[in-house]
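Remarks on the overall topology
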Amino acid sequence: ILKLQSPVPNTGDSGRGSVSALQESGNESKENGAGGKTAQPVRFGWVTGVMVRCMLNIWGVILFLRLSWITSQAGILLTWLIILMSVLVTSITALSVSAISTNGRVSSGGAYFMISRTLGPELGGPIGVVFSFANALACALNTVGFSETVRDLLIEYDSQIVDSINDVRIIGSITVTVLLLISLAGMEWESKTQILFFLVLMVSFINYFVGTLIPATPQKQSIGVFGYRSEIFLENLFPDWRGPEGDFFRMFAIFFPSAIGILAGANISGDLKEPEIAIPRGTLMAIFWTTVSYLAISSTVGACVLRDASGNMNDSLPLNFTEACEGLSCGLGWNFTECQQSGTCSFGLSNSFQVLIQVSGFGPLIYAGIFAATLSSALAFLVSAPKVFQCLCKDNIYPYIGFFAKGYGKNNEPLRAYLLCYIIAMCFILIAELNVIAPLISNFFLCSYALINFSCFHASITNSPGWRPSFRYFSPWTGLFGAVISVVLMFLLTWWAALIAFGLIIFLFGYVVYKKHCQLTTALCSNSCSIQNFKVHIFTRWFRLIRPQCLVLTGPPTLRPALVDFVGSFTKNVSLMICGDILMSVSQRNSNEMIKWLNQRKVRSFYTSFKASDLREGARHLLQASGLGKMKPNILVMGFKMNWQEIYLFGLSDAFDSNHGVCVLRMMDGLDIRDELETEGMLCSSVCVCLVPSLNSFSNAFIKNTVNDQIKTVFQSKQGKKTIDVYWISDDGGLTLLVPYLLTRRKRWRRSKVRVFIIGEQQTMENDRKEMKTLLQRFRLDVHDVIVMTDSERPPLAKNMRRFEEMLAPFRLNEGQLDERTAQQQRTEFPWKVTDKEMDALRLKVSSEKKVRLNEIIRRNSKYAALVLVSLPVPQADCPSSLYMSWLDTLSCGLHCPVLLIRGNQQNVMTFYCQ
């Protein structure tokens, strides 16, 4: 009989200590190196850090110089449809970004960080390169837009520097250099500059809306501006397609780049105070207010301005005119028929890009708004690109880019990456013709949106254990829809640019994952070796910490279907499961039959058998030999043996010694289905049933007869609204909390509510409950209720204590009834028996009473639970093995639902951070 020892440090059974212990483990990274006062980096809230930044990025040149023209072409109704379609794509992406940003703490790196930590480096690496490059090009585009506006003003006042092309190059070079200096001054100065731009834009908007209310002068009327008129609104309500660009999708393609700024806040996630709060709130608020502004401007300009006007004061009509006049302008006192018919009208919505300037109360303020919109967007992209690229470089996914990972100052500013982005932007500014490259930028951003949405869908649909976003307004199907619609729009806007974008993504993706494997076996070996070396890389932290990889001692899986179904419920498509079969009385087992049965049961598991002389030897070797590299079990799962009094439950100390977690599943009717099969007449009379606990003693004939019989277990049924009760007595690294979370992600358990029971005192009950709820929220675990057990220190009922003593009586060594020589001989021959001295020891006696009392509490609170999880006590070196087994029997007895005794290996399986 096995003598259990304690390889795991004793954490005690006090629930009060477990909360603080887990909090300390979660805060380790925050407290490392906190040795005195250091310069604190500048951090921004959701308003200045995200909302204002996103709004400035969304508002751009298109708002001031193209929205009125789009309204004239598509009409107010279709323009609203274009706006709302664009907002649909960006809103879905914002929901995905919000979900990712609340899936733990987000570090710097923005969209790249989110994608790489969710889908891994294969997709994160390519999108990091593409997204950084697209941001650099967007900086150049906005700078050129600003430069062209300044050039047009110089031409208007006859003040050209050289010529139209070189003026753009000169102005653009000076502008991007000034923006670089602002960025190098630090995020604090950059944020103040953005606030200034935001205020200028607010003034320009107010100036525009005030201008729509001012009665139009004859000069304004000559260019088609009449103020609010119902007839003008009705005329502009419907489309009037003109020219080769006159179609819906072309208008959509022109408008959509104005909506690509939604990731401006997420891209500086490392500079936000609370990114998990700031990114969802700021991004969604920015989308809402910019959408309102787009809808308001398109409808008001459509209600105030005609599509065509000549600008000639002589086209006004006298009171009693007799000349021919057609169109809406005739009723407004103007005759624009001639220019309409000849197509020479220079003003109006369809002919002038300066309509907002013309409508406004003071035109120069609109120019100021254009400058603020272009410069703020250029500055935001100039800051975003280096931040994302720095995070990419730190991960060392691609060679020769680690030079740009270095940061400077208290904010870890990527000065080298700033210079790289500046050089790229300068190169494209010097070309001064970006019309060919512009479609690529829209496609790259759409490609980013597609990958962000797909990453959320992938993490949700695969039930990834690390995917626990606290943002509740996300659905995996909206993520999939956002990914599909983004890809469709890429090809609808510019198909050749979409092909280039996908070609670049595939090339970068191939560089990361393609190792020229000729055969699947070679690929498996290579990847397994790679996993073995994944010790320090950032992407393996998620894999290594939170994936339960289970070795399940099932014997033949066909004879313990409930144990197989239970473990499969939280490992399917998520992590490793191995069904271990220890062969003692048979020489071999047909593994193909076992795998066939597992496949028919839709359980994703490996099957392995091991021939051994006894159970403990087989279990020890399976623990050591199962798995490959890092794909090794970290949890030993076994069934509770109802006849432990005869054959002791093996393997617990070996599991603890080898740093494995342990799960012991107990069901009221047991896990062995031999009796059920006998009742149903499934056993042949020729089959000899051996009543030793090991299932391996069954003949292969019997195993073969049960392969095609699928016995339905409780774990294959929907659990409804029953509860999953977790009695968290001591901290084990979080495994006790992780397993019920994984179960509730399954369809059969989805409606079940998780309740957590902790030990506390009456005086501090509310504080303990609040503290535990806060901790669970930080881990993004959806727990229905936290209950503090304040009566656990009471003595148990006498009848329950008598039952415990009667169960232990056969294993007592009654030394008082034996002579000293016989007693010494018994102690030597039966070291697992409980001596009088050991039983009278105060510590063991108190521990036994606590176990009996805890069972009373469990039976009282969990009568109707679907599953009960109880912290498995750690066996101490001086605790007799039979006494320890009596504790396990006592803890789990008297319950009609399955009971899981569970203990982690003290390694943290949950984290506050996005991994």
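Quick notes on the rules
- Residues numbered from 1 in each chain as written.
- Predicted model: local features only at pLDDT ≥ 70, side-chain atom pairs only at ≥ 80, totals over all residues.
- Heavy atoms only, no water.
- UniProt positions renumbered as here; feature names shortened; annotations may be inferred.
- Helix = DSSP H or I, 4+ residues; strand = E, 2+ residues; numbered from the N terminus.
- Buried < 20%, exposed > 50% of the residue type's maximum accessible area, 1.4 Å probe, protein only.
- Contact = heavy atoms within 4.5 Å.
- Areas by Shrake-Rupley, 256 points an atom, 1.4 Å probe, with all protein chains shown as cover.
- Axes fitted to C-alpha atoms, helices over the stretch in contact; angles between N-to-C directions.
- Parallel < 35°, antiparallel > 145°, perpendicular 65-115°, else oblique.
- Nonpolar A, V, L, I, M, F, W, Y, C, P; charged D, E, K, R; others polar.
- Polar contact = N/O pair within 3.5 Å; in protein donor to acceptor, adjacent residues only side chain to side chain.
- Disulfide = S-S within 2.5 Å.
- Phe/Tyr/Trp six-rings, centres within 6.5 Å; stacked < 30°, edge-to-face > 60°.
- Lys NZ or Arg CZ within 6 Å of the ring centre and 35° of its normal.

Looking at an unreviewed UniProt entry, the protein chain carries the name Solute carrier family 12 member 10, tandem duplicate 1, with the source organism given as Cyprinus carpio. As its UniProt record puts it under Subcellular location (unreviewed entry), the protein chain is described as follows: "Membrane".

A separate point is the overall build of the protein chain. A count of helices and strands for the protein chain gives 35 helices and 12 strands. By the burial criterion, 56% of the 915 residues in the protein chain qualify as buried. Considering only contacts within the protein chain whose residues lie at least 6 apart along the sequence, 82% involve residues at least 24 apart. Within the structure as shown, the protein chain displays about 39,200 Å² of accessible surface, and the carbon and sulfur contribution to it stands at 58%.

The contact between helix α12 (residues 248–255) and helix α19 (residues 476–493) brings their axes to 10 Å, and the two run at 110°. Taken as axis vectors, α12 and α19 run roughly perpendicular relative to one another. Contacts between α12 and α19 pair F249, F252 and A253 from the former with L489, L492 and L493 from the latter. Residues belonging to the contact of α12 with α19 are distributed by class as follows: 6 nonpolar, no polar and no charged.

Here we come to α12. With 6 of 8 residues buried, α12 lies mostly within the body of the structure. Residues of α12 that are buried: F248, M251, F252, A253, I254 and F255. Looking at the buried positions of α12, the neighbouring elements they touch are α4 (61–65), α5 (67–101), α13 (275–304) and α19. For α12, the N-terminal cap is D247; the gap from its side-chain oxygen to the backbone nitrogen of F249 is 3.2 Å.

Within the structure shown, the criterion is met by 1 disulfide. A disulfide bridge connects C339 with C345, and the sulfur atoms are separated by 1.9 Å. Handedness here is read from the sign of the S-S torsion; for C339 and C345, about 75°, the answer is right-handed. Judged by its relative accessible area of 8%, C339 falls in the buried class. There is no disulfide at C421, and the cysteine sulfur nearest it, in C139, is 5.4 Å away.

Two aromatic rings are characterised by how far apart their centres lie and by the angle between their planes. Tallied over the full model, the rule gives 23 aromatic pairs. Arranged with centres 4.9 Å apart and planes meeting at 75°, the rings of F288 and W289 form a pair that is edge-to-face. For F288, a relative accessible area of 45% puts it in the partly exposed group. The interplanar angle of 25° and the centroid separation of 5.9 Å between the aromatic rings of W334 and F336 together place this pair among those described as stacked. Ring-pair connections join several aromatic residues into one group, and the members of that group are W59, F64, F198 and F205. Above the face of the F353 ring, R66 is positioned so that its terminal group lies 3.8 Å from the ring centre. A cation sits over an aromatic face here: K851 above W887, 4.5 Å from the ring centre.

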